[in-house]
Amino acid sequence: RAKAAGRNTYRLGDSEADAAAESSGLLVAEMKGAMKRGDFLLNYQPIIDLATGGIAGFEALVRWRHPCKGELSPSAFIPLAEESGLIVPLGAWVLKEACREAAAWPEPLRIAVNVSAIQFQQISMEETVRHALATSGLAPHRLELEITETMLMQKSDTVCRTMERLRSLGVRIALDDFGTGYSSLSYLHQFSFDTIKIDRSFVAGSENPKTVAITRAIVALGTSFGARVIAEGVETEEHLAFVRTAGCTDVQGFLFDPPLPAEAIVPLIESGRLRLAA
Ligand code: C2E
Ligand code: MG
Ligand code: MG
Ligand code: MG
């Protein structure tokens with residue numbers, strides 16, 4: 001679809017931009033088809049309570065079983081889903097599916113679901129969450145919505161109001177990727193979170209004294225608010241020792257489990273790796 005700027009002269013910049021637009025347009029069309037066909041799926045990664053060593057819950061992570069490209073990770077399609085607005089129906093599906101799956105797990109196991117800013121800006125968000133809870137029968141306190149700092153950057157009234165309404169329903173709110181945004185501390189000041197998830201860039205920084213000091217301070221701050229503090233991306237025993245001494249309440253990472261297919265969860269639960277206390 002290269003534009004001819006005159007006979008035999010093609011404006012390269014335009015045609016590259018056109019090609020990019022064309023391929024993202026194709027991907028959006030493919031995503032719509034994939035939603036109809038049911039080609040999206042969720043994996044679940046255990047979150048481990050350090051006090052008991054048992055599983056406290058799972059984080060739902062979306063995947064796209066693409067007919068030609070194989071299984072695509074969120075970074076390959078979530079940004080485009082956000083740009084195109086498709087994240088709204090896709091996110092609603094994720095919520096509904098995650099709640100449905102989690103309703104089959106014993107109490108007090110929780111399910112954490114990632115939510116985009118665009119979803120939170122919808123007036124319909126509260127209803128979408130209520131619907132996912134009602135159709136699954138999952139108790140609201142077992143659902144945790146993970147939001148990122150970039151989402152709060154908009155500071156829209158709709159986002160604040162929806163967050164407060166959902167919290168008053170009993171739904172938990174987690175601040176994801178903490179420390180990677182622009183004004184992390186101001187968000188802690190403005191909003192109440194049940195959980196803070198420390199980004200894995202901190203978790204992997206135990207050789208850097210500054211990173212260690214910052215991590216300890218984040219944990220102290222979070223736990224003083226009564227929030228749980230989860231370390232993300234715990235890959236090694238060294239990472240684990242570091243976040244444990246820093247005071248994190250929970251951990252998540254390849255050292256324990258990767259994100260797992262839905263079929264693996266019930267056997268995992270039955271294997272007895274559960275956290276028993278609420
Ligand atoms: P996130 O919410 O911070 O999720 C954690 C990511 O870290 C996941 O990547 C997970 O597979 C990966 N991870 C877990 N343990 C380790 C580890 O020990 N080491 C390393 N290097 N990585 C680890 P994934 O599944 O590719 O998801 C990437 C991001 O995509 C998520 O980051 C989240 O922001 C977004 N995402 C995933 N599912 C959804 C969804 O349903 N909706 C929305 N809006 N975003 C989603
Ligand atoms: Mg997350
Ligand atoms: Mg994260
Ligand atoms: Mg992330």
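See the structure printed just above.
Residues numbered from 1 in each chain as written. Chains lettered and ligands numbered in written order. Predicted model: local features only at pLDDT ≥ 70, side-chain atom pairs only at ≥ 80, totals over all residues. Heavy atoms only, no water.

### Description of the site of ligand 1
Taken together, 22 residues lie around ligand 1, and R63, N114, D176, E235 and F254 are the ones closest in. With respect to ligand 1, the side chain of N114 contributes an N or O atom lying 2.8 Å from an oxygen atom. A distance of 2.8 Å is found between an oxygen atom of ligand 1 and a backbone nitrogen or oxygen belonging to F254. The pocket occupied by ligand 1, as judged from atoms lying within 2 Å of grid points, is the largest pocket. Taken together, the residues of the shell around ligand 1 break down into nine nonpolar, five polar and eight charged. (Near = heavy atom within 4 Å. Polar contact = N/O pair within 3.5 Å; in protein donor to acceptor, adjacent residues only side chain to side chain. 1 Å grid on protein atoms, 1.4 Å probe; cavity = no way out; pocket = protein on both sides within 12 Å on 5 of 7 lines; lining within 4 Å. Sits in = over half its atoms within 2 Å of the grid points. Nonpolar A, V, L, I, M, F, W, Y, C, P; charged D, E, K, R; others polar.)

### Examining helix 10 (residues 209-224)
What sets the pattern is the α-helix's 3.6 residues per turn: residues three or four places apart point alike. Helix length check: helix 10 (16 residues) gives 22 Å between terminal C-alpha atoms against 22 Å at 1.5 Å per residue, within 8%. Residues of helix 10 that are buried include every one of T211, V212, T215, I218, V219 and G222, and no others. End-on, the buried residues of helix 10 take up no more than an arc of 130°, which puts them together on one face. Projecting away from the buried face of helix 10 at angles above 90 degrees are the exposed residues P209, K210 and S224. Contact partners of the buried residues in helix 10: strand 6 (172-178), strand 7 (195-198), helix 9 (200-203), strand 8 (228-231) and helix 11 (237-246). Among the residues of helix 10, the N-terminal cap falls to N208, whose side-chain oxygen and the backbone nitrogen of K210 are separated by 2.9 Å. In the segment just after helix 10, G226 is the residue with positive phi, at about 85°. (Helix = DSSP H or I, 4+ residues; strand = E, 2+ residues; numbered from the N terminus. Expected span 1.5 Å × (residues − 1). Buried < 20%, exposed > 50% of the residue type's maximum accessible area, 1.4 Å probe, protein only. Arc of directions from axis to C-beta. Contact = heavy atoms within 4.5 Å.)

### Description of the coordination of the magnesium ion (ligand 3)
For a metal bound by four donors in tetrahedral geometry, the ideal donor-metal-donor angle is 109.5 degrees, whereas six donors in octahedral geometry ideally sit at 90 or 180 degrees. Protein coordination of the magnesium ion (ligand 3) is provided by D176 (OD), D177 (OD), E232 (OE) and E232 (OE), with donor distances spanning 2.1 to 2.4 Å. Sequence positions of the residues that donate to the magnesium ion (ligand 3) give the spacing D-D-x54-E. Between the magnesium ion (ligand 3) and the magnesium ion (ligand 2) the interatomic distance comes to 4.0 Å, and D176 is a ligand of both metals. Residue D177 is classed as partly exposed on the basis of its relative accessible area of 25%. (Donors = N, O, S within 2.8 Å, 3.2 Å for Na, K, Ca; no water.)

### Observations regarding the pairing of strand 6
With respect to burial, strand 6 is a largely interior element, six of its seven residues being buried. Pairing of strand 6 with strand 7, which is carried by three bridges, proceeds in the parallel orientation. Among the inter-strand pairings, F178 is bridged to a residue of strand 7, identified as I198. (Pairing = 2+ DSSP bridges.)

### Digging into the layout of surface pockets
Considered as a void within the structure, the largest pocket measures approximately 1100 Å³ in volume. Along the walls of the largest pocket sit 37 residues, with E59, L61, N114, D176 and D177 positioned nearest its centre. Going through the elements one at a time, strand 2 (55-66), helix 2 (78-84), helix 3 (87-102), helix 4 (117-120), strand 5 (143-148), helix 6 (149-152) and strand 6 are the ones with two or more residues in the lining of the largest pocket. A total of five residues in the lining of the largest pocket trace back to one element, the largest contributor, which is strand 2. Of the residues in the lining of the largest pocket, the class split is 14 nonpolar, 13 polar and ten charged. (Points joined across faces, edges and corners; volume = space filled by probe spheres on them.)

### Section: the pattern of salt bridges
Opposite charge on two side chains makes pairing possible when the charged atoms of those side chains draw close. As enumerated under the stated definition, the model contains twelve salt bridges in all. The salt bridge partner of R100 is E101, with a shortest N-O separation of 3.5 Å. Exposure remark for R100: the relative accessible area of 48% places this residue in the partly exposed category. Since its relative accessible area comes to 18%, E101 is described here as buried. Between R172 and E144 there is a salt bridge, and its shortest N-O distance comes to 2.9 Å. Of this pair, R172 sits in strand 6 while E144 sits in strand 5, and the two are 28 residues apart along the sequence. Accessibility expressed as a relative area gives 15% for R172, which makes it buried. With a relative accessible area of 5%, E144 lands in the buried category. Among the ionic contacts, a cluster of salt bridges with common partners joins E59, E146, K197 and E232. (Salt bridge = Lys/Arg side-chain N within 4 Å of Asp/Glu carboxyl O.)

Nothing here speaks to function; it is all geometry.
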